[in-house]
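The residues making up each chain are set out below.
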Amino acid sequence: MKRRTLFTVTLAAGLGLAFNVHAATQWDLAAAYPAFNFHSQNLEQFSKDVSAATQGNVNITVHAGASLFKMPEIKRAVQGGQAQAGEFFMVSFQNEWPLFGLDGLPFLASNYDEAWKLYQAQRPALEKKLDQQGIKLLYAVAWPPQSIYSNKPINSVEDLKGMKWRVYSPTTARIGELVGAQPVTIQEAELTQALATGVIEGLITSSATGADNKLYEQMKYFTNVQAWIPKNAVVVNKKAFEALPKAEQDGILKAAADAEVRGWAASRQVDADSIAKLKAGGMQVIEPSDELRAGLAKIGDVVIEEWTTTAGDEGKQVLADYRANK
């Protein structure tokens with residue numbers, strides 16, 4: 001009898017241990033940017049907050065620097081469940097759905113307050129689209145405004161003609177075409193090598209990307225046009241999320257809301273810090289001439305009109321909602 005009781009207790013304890021081990025959910029989150037980038041740091045804090053909010057029942061491992069999947073592969077990896085969560089640069093997927101490219105439209109939103117209002121107008125449609133693709137939006141964080149890096153002064157759009165122009169989205173490619181540049185698709189992880197080997201001669205990207213990649217070692221000018229403020233979206237596989245208990249789902253959503261607020265605040269600070277780093281590295285940070293502003297504005301009008309035609313009624317409605325609250 002004692003032997004049977006001992007066996008029962010031992011078995012129960014073993015099953016309890018097995019249950020506890022099984023109950024802890026392990027997620028992989030694929031990210032494309034270096035571990036020191038503010039987006040990646042925000043992801044790490046998000047991961048810690050999720051673990052705390054779920055009492056260790058959900059643990060997220062952040063794979064920064066495109067170490068798990070390259071940026072163009074991350075969204076599909078989350079859709080297919082190869083990674084439970086991921087971060088992707090929305091404007092790069094404009095060809096898949098026009099509204100992914102909304103925050104990459106030139107001069108539609110040129111400061112953080114406008115960018116936040118644009119996001120609020122965009123978010124309902126964004127959540128609906130991602131849900132249809134088997135993905136849940138957790139949060140989105142803006143990059144600093146996008147400006148021009150070059151090795152010669154850019155005083156007008158004519159100065160961009162013939163330049164080997166790095167592109168990362170349909171919009172940047174279209175801008176390159178409109179100014180007569182030579183568009184070349186290059187991901188951030190390949191940026192330094194592309195500049196060193198002359199594959200590209202100029203680009204438009206954020207102050208943070210320039211500072212992270214020490215572009216001041218290879219480029220001379222940063223023309224602060226603040227053309228647009230694109231966003232990274234952090235998403236989770238819908239089935240993986242819905243498989244969790246309600247309390248754990250709520251904990252993740254609370255951590256995501258905190259990460260969004262923290263990330264937008266960090267972006268503002270990073271922009272100021274990054275511009276200071278560019279200057280300290282010897283790069284000339286200059287404000288655009290009136291001629292350049294006017295030329296880029298005309299190009300922006302063309303790009304927005306073309307986008308609106310492609311985006312149809314859905315895109316027109318989001319634009320109308322944004323402009324009504326701008």
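Structure first, text after, so check above.
Figured I'd write up the structure that's included with this text. (Residues numbered from 1 in each chain as written. Predicted model: local features only at pLDDT ≥ 70, side-chain atom pairs only at ≥ 80, totals over all residues. Heavy atoms only, no water.)

### Things to note about the sheet that holds strand 3 (residues 85-89)
- Pairing is mixed in the open sheet, where 5 strands are placed in the order 2-1-3-10-4. In the strand order of this sheet, the two ends are held by strand 2 (58-63) and strand 4 (135-142), each with one partner. Adjacent strand axes in the sheet meet at a mean angle of 20° when their direction is disregarded.
- Here helix 3 (residues 71-80) sits on the sheet and contacts strand 1 (25-30), strand 3, strand 4 and strand 10 (231-237); the angle it forms with strand 3, its principal contact strand, is near 140°. (Pairing = 2+ DSSP bridges. Helix = DSSP H or I, 4+ residues; strand = E, 2+ residues; numbered from the N terminus. Axes fitted to C-alpha atoms, helices over the stretch in contact; angles between N-to-C directions. Contact = heavy atoms within 4.5 Å.)

### Observations regarding the pairing of strand 7 (residues 182-185)
- With 4 bridges joining them, strand 6 (residues 164-167) and strand 7 adopt parallel strand pairing. Each bridged residue has a counterpart across the sheet, and for Arg-166 the counterpart in strand 7 is Val-184.
- This β-α-β element, strand 6 to helix 5 (residues 170-179) to strand 7, shows right-handed connectivity. (Right-handed = clockwise from strand over helix to strand, strands pointing away.)

### A few points about the nonpolar core
- Counting residues in each nonpolar core, the largest one holds 87 residues, and the members touching the most others are Trp-27, Phe-46, Tyr-139 and Ile-252.
- Considering each element in turn, this core owes the most residues, 10 residues, to helix 10 (residues 290-325).
- Contacts of Ile-252, omitting those with residues within four sequence positions, involve Trp-27, Phe-46, Val-50, Thr-54, Val-58, Leu-138, Phe-241 and Leu-244.
- Core analysis: the next-biggest nonpolar cluster, separate from the first, contains 13 residues, Ile-186, Ile-200, Leu-203 and Met-219 among them. (Core = buried A, V, L, I, M, F, W, Y, C linked by side-chain atoms within 4.5 Å. Buried < 20%, exposed > 50% of the residue type's maximum accessible area, 1.4 Å probe, protein only.)

### A closer look at the environment of Ile-154
- Relative to the assigned elements, Ile-154 resides in the loop between strand 5 (146-150) and strand 6.
- Under the relative-accessibility criterion, Ile-154 is labelled buried at 2%.
- Setting aside anything within four residues of it in sequence, one finds Ile-154 in contact with Ile-148, Asp-159, Leu-160, Met-163, Thr-223 and Leu-292.

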